[in-house]
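Descriptive structure summary
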Amino acid sequence: HTHFPLAIRILTMIEPPAKKPRTEEAEAPGTGTSSSSLGLLGVASKEKEIDAEPLSGPTIDGSVTFYTQDTTMNIMQSMIGNMLVPLTDGGLTYLYAGARANVGIKSGRYSFEFKILETMSFAEDPNSRARAPQPRTQLRVGVATEGSSLFLGETPDSVGFDSDGHFVHNKTKTACSQRYAADVVTVVLNLEQSSPNANTISLFKNGQRASPPQPLPENLKGKALFPIVTFKNVSILYNFGPSSLASLPFKCHTVAEALTSDAIRLPEPKGVHGEAIFPVCLPDEGTFDWLDMFLEKNPSYVELSDRAILQWAEKSGLTRPTGFNVRSSNDKPEMGFGIMHLDDHSIRRVLQSVAPLQGRNYVVMEVKSNLLKHDRKELVSKWASTSLKKKAVVMMKSPPAAFKKRTQELTLKQKQEAAKLKHQVKLAEDKRRRLMEKKAKELEKQQAKMARRAEKEKAMLAKKVELEKMRADAILSGLELTEEQTKEQDSQDQQILEAMMADSGSEDVVEEVPEEEPVEEEPPAVELTEEEMQRTFRKPQVPDLTSYALNTSFMKFSIPEHDEGFDEISFDWADEASSQQFLKEWKQQLKTTTRIEDIQPGKWFNTKWKDWQKTLLSWHAKANSYKALIAKQAQEKQARDAKRAALAAAKEKEANEKKAADASEGEKKAEAKTEGTLKEEVKEEVKEEIKEEEVKEEEDLQNEENEECGIDPAEFEDLDVFGVDDPMDIGKGQPLFSAFGFEDWTMM
């Protein structure tokens with residue numbers, strides 16, 4: 001509290017900063033970034049770029065454009081006007097389009113321009129709108145190396161600016177520029193080593209600087225950099241020169257004016273109409289490993305598969321609830337985006353329609369369809385009207401040594417990644433255990449410290465009480481202490497207390513030895529076992545086909561024939577005869593261990609099945625009627641038992657009455673003698689009639705019990721089911737299945 005007013009007084013003595021004129025803070029309309037913000041980002045008030053010197057020397061031949069193989073499949077180029085238009089039918093509206101120019105700059109300073117001509121809008125399902133990545137429209141412009149990904153900023157080999165004001169590189173975004181929309185944006189690539197902005201890339205909007213010069217990443221320096229554009233739901237105009245759409249504050253040559261010493265131009269493909277390759281491989285026997293190797297050696301080929309669509313969606317910023325690594329199969333993975341136009345496979349439909357129209361090289365990767373004759377003919381028929389060469393490549397039996405080496409490398413890499421993950425889990429568990437042990441030790445020390453302090457406080461209190469008692473005893477003894485003695489005694493008491501407090505403080509101090517943090521160990525290096533070294537194919541983490549798809553189709557697998565429409569059929573791993581024999585043996589082996597999913601019963605079985613269903617229904621009816629009869633007999637038995645109980649009660653009552661009558665028998669004898677023998681005879685007749693009725697009722701009850709259905713339970717337990725002649729009656733109307741439960745009927 002004493003320092004706070006002083007701090008307030010000091011703050012009040014500081015003069016507030018001078019206010020700048022509002023004109024300096026004014027935001028450029030539509031930019032989203034003020035001029036002061038650009039100043040903080042490094043945009044100097046004075047442009048460091050100077051006018052370019054006139055060019056001297058030969059310039060590149062031919063036009064600067066985009067070759068078809070250097071664009072994504074959803075781009076349509078205009079014949080005139082230098083325009084790029086994306087396809088937006090179905091799920092393609094959620095995917096990025098990308099294109100890389102055919103001229104790369106390796107030195108000097110050159111510029112190129114882009115402009116959004118149209119922003120596309122479309123009706124969208126509300127649920128899909130919530131799941132779709134934002135923004136819905138996007139334009140990215142920049143430079144990339146030869147053979148780089150066509151998605152700018154997603155890999156280390158490209159850099160540029162997006163329309164939201166970010167500098168993008170290797171999946172990272174940094175706010176550095178003004179936003180742009182329907183503006184002429186100019187990218188200036190400065191590779192002049194003598195320039196103050198050497199090895200930088202800058203963005204200009206409508207001729208004015210929109211970003212400070214951004215240094216190129218180290219991995220891009222010294223390489224030829226090609227103009228690249230990535231966009232979504234916009235049609236764009238590109239301009240590589242020689243004239244510019246917007247004048248810059250300084251004179252800068254365009255890419256079309258580049259000297260041959262400053263640039264390289266990729267040769268235009270000549271006489272190549274493209275081809276479509278249909279790989280024919282057995283599932284889980286190197287199918288997609290072969291494809292990855294082929295695409296690495298032949299980057300001009302485009303993969304047509306659902307796997308490629310998922311990879312495209314991932315690079316376009318889309319997400320799946322289960323992630324992109326979780327899928328049921330590689331051949332036909334479920335989309336699972338929760339967006340109707342992506343999950344309905346409309347992308348596959350559009351690409352299959354567009355692919356034959358573009359002069360590209362394709363790999364039609366359909367594992368199951370390429371193994372079935374009917375599906376192969378249907379696939380090839382879609383390419384029949386084009387000039388593309390249709391080639392089937394059969395890969396069965398033993399792959400070449402290069403493929404086996406690649407398989408071992410991938411297996412080792414996969415095994416090393418698993419070991420690394422296991423090691424990381426172990427390190428995390430060890431760290432958690434050490435943290436728990438440390439907390440337990442600290443708690444134990446704190447409890448011990450508190451216990452020691454309590455003991456010392458108790459000892460101090462006892463000592464103080466003892467001193468007070470000694471003083472009181474002295475006073476009671478009549479020994480009065482002088483003032484000096486009292487002061488001396490108080491001084492001694494204070495010294496004792498201070499000494500005890502000092503001891504208490506010294507005991508609380510415990511020398512702690514700092515625990516050394518364990519050195520972060522590298523995950524253990526793994527090696528392939530002998531068994532793994534002998535494997536021809538690695539076991540994929542995701543199967544090529546689902547078990548159902550494999551079980552229902554493998555018996556129809558076949559090798560392509562020329563009558564299916566192929567221009568060429570090649571056998572890369574083994575000749576045709578060996579491949580045919582291998583496929584036959586493979587199917588025979590799989591047949592002995594595979595569940596038959598699509599088995600179809602014949603006429604005989606259907607007839608027998610209907611008869612059995614009728615028999616089973618009659619058995620159910622018999623079982624139900626028997627159970628009803630048993631229930632009825634149980635009720636009748638209950639009634640008989642009640643009747644017997646009534647008879648027994650009547651007999652007991654009669655016996656009691658007879659006993660009472662015997663007591664007065666002596667008195668009645670005289671009267672009986674005088675009345676004569678007639679009454680005695682009548683009484684005896686009545687007794688005989690009653691006794692006969694009781695015997696008859698007992699016999700009737702016994703007969704009813706004997707007529708109960710069902711055999712003795714003990715006899716039923718020992719029954720030989722295989723010796724039963726009639727399962728509907730094993731004795732006394734009881735069926736063999738009288739004790740069946742629902743589980744037994746289910747098994748029937």
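About the cut-offs
- Residues numbered from 1 in each chain as written.
- Predicted model: local features only at pLDDT ≥ 70, side-chain atom pairs only at ≥ 80, totals over all residues.
- Heavy atoms only, no water.
- Helix = DSSP H or I, 4+ residues; strand = E, 2+ residues; numbered from the N terminus.
- Buried < 20%, exposed > 50% of the residue type's maximum accessible area, 1.4 Å probe, protein only.
- Polar contact = N/O pair within 3.5 Å; in protein donor to acceptor, adjacent residues only side chain to side chain.
- Contact = heavy atoms within 4.5 Å.
- Pairing = 2+ DSSP bridges.
- Core = buried A, V, L, I, M, F, W, Y, C linked by side-chain atoms within 4.5 Å.
- Axes fitted to C-alpha atoms, helices over the stretch in contact; angles between N-to-C directions.
- Patch = residues over 30% accessible without salt bridge, like charges linked within 9 Å, V, L, I, M, F, W, Y side chains within 5 Å.
- Areas by Shrake-Rupley, 256 points an atom, 1.4 Å probe, with all protein chains shown as cover.
- Salt bridge = Lys/Arg side-chain N within 4 Å of Asp/Glu carboxyl O.
- Lys, Arg positive; Asp, Glu negative; His and termini not counted.
- Charge placed at Lys NZ, Arg CZ, Asp CG, Glu CD.
- Parallel < 35°, antiparallel > 145°, perpendicular 65-115°, else oblique.
- Nonpolar A, V, L, I, M, F, W, Y, C, P; charged D, E, K, R; others polar.
- Arc of directions from axis to C-beta.

Take the side chain of glutamate 366 next. Note that glutamate 366 resides in the loop between β20 (361-364) and α9 (373-381). For glutamate 366, a relative accessible area of 6% puts it in the buried group. There is a polar contact of 2.8 Å between the side chain of glutamate 366 and the side chain of lysine 332. Residues contacting glutamate 366, with those up to four places away along its chain left out, are Asp331, Lys332 and Leu379.

Among the 8 residues in strand β10 (residues 184-191), 8 count as buried, and that is most of the element. As paired strands, strand β5 (residues 108-119) and β10 are joined by 8 bridges and run antiparallel to one another. In the strand pairing of β10, glutamate 113 is matched with threonine 186. Across 6 bridges, β10 lies against strand β11 (residues 200-205) in antiparallel orientation. Residue pairing for β11: asparagine 190 is matched across the bridge by threonine 200.

Core analysis: the largest hydrophobic core is formed by 66 residues, its most contacted members being Phe337, Trp383, Met396 and Phe557. It is helix α5 (residues 287-297) that contributes the most residues to this core, 6 residues altogether. Aside from chain neighbours lying at most four places away, what touches phenylalanine 337 is Arg131, Leu310, Ala313, Leu318, Thr319, Arg320, Phe324, Leu342 and Asp343.

Attention now goes to the sheet that holds strand β7 (residues 158-162). Strands sit in the order β3-β14-β6-β7-β8-β9 across an open sheet of 6 strands; the sheet is antiparallel. Only two strands of the sheet have a single neighbouring strand rather than two, namely β3 (97-100) and β9 (172-175). Averaged over all adjacent pairs, the angle separating strand axes in this sheet is 20°, with direction ignored. As judged from the 4 bridges shared by strand β8 (residues 166-169) and β9, these two strands associate in the antiparallel manner.

A cluster of acidic side chains, namely Asp712, Glu715, Glu717 and Asp718, defines a negative patch on the protein surface. One can find glutamate 717 in helix α18 (residues 713-717).

Running from N to C, α5 and helix α10 (residues 401-476) point in directions that differ by 110°, and their axes come no closer than 11 Å. Put simply, α5 runs roughly perpendicular to α10. Here α5 contributes Asp289, Trp290, Asp292, Met293 and Glu296 to the contact with α10, which in turn contributes Ala402, Phe403, Arg406 and Leu410. Taken together, the residues that form the contact of α5 with α10 break down as 5 nonpolar, no polar and 4 charged.

This paragraph deals with the environment of aspartate 375. Looking at the element boundaries, aspartate 375 is found in helix α9. Spatially, the C-alpha atom of aspartate 375 lies 10.0 Å from that of glutamate 564, the residues being 189 residues apart in sequence. A distance of 3.4 Å separates a polar atom in the side chain of aspartate 375 from a polar atom in the side chain of histidine 374.

What follows deals with the side chain of glutamate 154. When you line up the elements, glutamate 154 lands in the loop between β6 (138-144) and β7. A distance of 3.3 Å separates a polar atom in the side chain of glutamate 154 from a polar atom in the side chain of arginine 140. With sequence-adjacent residues up to four places away left out, glutamate 154 is seen in contact with Arg140, Asn170, Lys171 and Lys315.

Where α9 is concerned, the buried positions are Arg376, Leu379 and Val380. One side of α9 holds all its buried residues, which, seen down the axis, span an arc of 95°.

Take the pairing of strand β18 (residues 275-281) next. A large share of β18 lies buried, amounting to 7 of its 7 residues. Neither face of β18 is exposed, since Glu275, Ile277, Pro279 and Cys281 on one face and Ala276, Phe278 and Val280 on the opposite face are all buried. Where β18 and strand β21 (residues 389-395) come together, 7 bridges link them in parallel fashion. Considered in β21, the bridge of cysteine 281 is made with methionine 395.

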